[in-house]
Amino acid sequence: MKVEVVMPQLSDLFFASSNINKYKEAKKILDEFGINLKFFKCDLLEIQSNSLKEIAKNKAEQAFQQCKKPVLVEDDGIFIDSLKGFPGPYSSYVFKTIGNKGILKLVNQNRRAKFVSIISFYDKKIHESFESKVNGIISKTVNGIGWGYDPIFIPSKSKRTFAQLKNKNEISHRYKSLKKFSSWYLRKFE
Ligand code: ITT
């Protein structure tokens, strides 16, 4: 008699965002950790706060209200030293308004910057957030074809921007936060 082994299944996990690029990267990363991530496309209101974590937690609650399934959201920001951390929590708005060329005009000789990612999980009972960062510098010109700030962010120890790197997904702020999330999630729910 053939015995079929049924592996326990994690329940559906959604990534709620208006930004398909964030989802595509998150999906690829979580696939590697054996977690199947689905897309829940939606526009979430961003509360005004200096804390990415507060923004992410609020977005996770809104997302759960809409999709009624365990959900992940991500809030990111690029923090530029010479601009005292600007655009930080306003990165999305600043990208849509002045874009990469506008940022390049603002940055002076000190080009240090960091990308921060907060991944926030919410399933009505549990709320957990995971934070990571990648240090780097702002390039002098727009280099490579990529989304968001990828063409102007050069991670430490590299000479190329995120947009020019093949291994962005192995070193990014998103990868690091999702790695922390995965080890927590797999321990908790498997
Ligand atoms: P949500 O609907 O998920 O909020 P969003 O694009 O508004 O999507 P954020 O509020 O997290 O996302 O915005 C941060 C901005 O920072 C985002 O719009 C991008 O322009 C930029 N960004 C975040 N992660 C990035 C990455 O890995 N590479 C390039 N740009 C990135």
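K.L.:
Help me understand the overall build of the protein in this model?
P.N.:
Per the secondary structure count, the protein includes six helices and six strands. Across the protein, helices and strands are ordered from the amino to the carboxyl terminus as β-α-β-α-β-α-α-β-β-β-α-α. For a compact globule of 190 residues, the expected C-alpha radius of gyration is about 16 Å, and the protein comes in at 18 Å, within 12% of that figure. Residue pairs in contact within the protein that sit at least 24 positions apart in sequence constitute 59% of those at least 6 positions apart. Of the roughly 11000 Å² of accessible surface on the protein, a fraction of 51% belongs to carbon and sulfur atoms. Where the 34 positive side-chain charges of the protein centre and where its 19 negative ones centre are 6 Å apart.

K.L.:
Explanation requested: the sheet that holds strand β3 (residues 71-80) in the structure shown.
P.N.:
On the basis of which strands lie adjacent, the open sheet formed by six strands has the order β2-β1-β3-β4-β5-β6 and mixed pairing. Single-partner strands in this sheet number two, and they are β2 (37-41) and β6 (153-155). Strand-to-strand twist in this sheet, taken as the mean axis angle between neighbours without regard to direction, amounts to 40°. One ladder, built from five bridges, connects strand β1 (residues 13-17) with β2; its direction is parallel. Within β2, the position partnered with L13 by the bridge is L37. Helix α6 (residues 173-189) contacts β1, β3, β4 (112-122) and β5 (127-138) of the sheet and is inclined by roughly 160° relative to β5.

K.L.:
Looking at this model, I keep getting lost on the pairing of β3. Mind explaining?
P.N.:
For a regular strand, side chains alternate in direction, first toward one face of the sheet and then toward the other. Of all 10 residues in β3, 10 are buried; the element is thus mostly enclosed. Covered by surrounding structure in β3 are V71, V73, D75, G77 and F79 together with L72, E74, D76, I78 and I80, the residues of both alternating faces. Bridge analysis of β1 against β3 gives two bridges, and the strand direction is parallel. Within the sheet, the bridge partner assigned to F14 lies in β3 and is V71. Taken together, the 10 bridges between β3 and β4 define a ladder with antiparallel strand orientation. If you follow G77 over to β4, its bridge partner there is V116.

K.L.:
Any chance you could explain a positive patch on the surface here in plain terms?
P.N.:
A grouping of K133, K157, K176 and K180 is seen on the molecular surface, where their side chains present a positively charged patch. Within the secondary structure, K133 sits in strand β5.

K.L.:
What's the story with the environment of I47 in this structure? I'm lost.
P.N.:
Residue position: I47 is located in the loop between β2 and α2 (52-67). C-alpha of I47 to C-alpha of N58: the two residues are 11 residues apart in sequence and 7.4 Å apart in space. In this structure, I47 is in contact with E54, I55 and N58, ignoring residues within four places of it in sequence.

The rules we used
Residues numbered from 1 in each chain as written. Predicted model: local features only at pLDDT ≥ 70, side-chain atom pairs only at ≥ 80, totals over all residues. Heavy atoms only, no water. Helix = DSSP H or I, 4+ residues; strand = E, 2+ residues; numbered from the N terminus. Rg over C-alpha atoms; globule rule 2.2 N^0.38 Å. Contact = heavy atoms within 4.5 Å. Areas by Shrake-Rupley, 256 points an atom, 1.4 Å probe, with all protein chains shown as cover. Lys, Arg positive; Asp, Glu negative; His and termini not counted. Charge placed at Lys NZ, Arg CZ, Asp CG, Glu CD. Pairing = 2+ DSSP bridges. Axes fitted to C-alpha atoms, helices over the stretch in contact; angles between N-to-C directions. Buried < 20%, exposed > 50% of the residue type's maximum accessible area, 1.4 Å probe, protein only. Patch = residues over 30% accessible without salt bridge, like charges linked within 9 Å, V, L, I, M, F, W, Y side chains within 5 Å. Salt bridge = Lys/Arg side-chain N within 4 Å of Asp/Glu carboxyl O.

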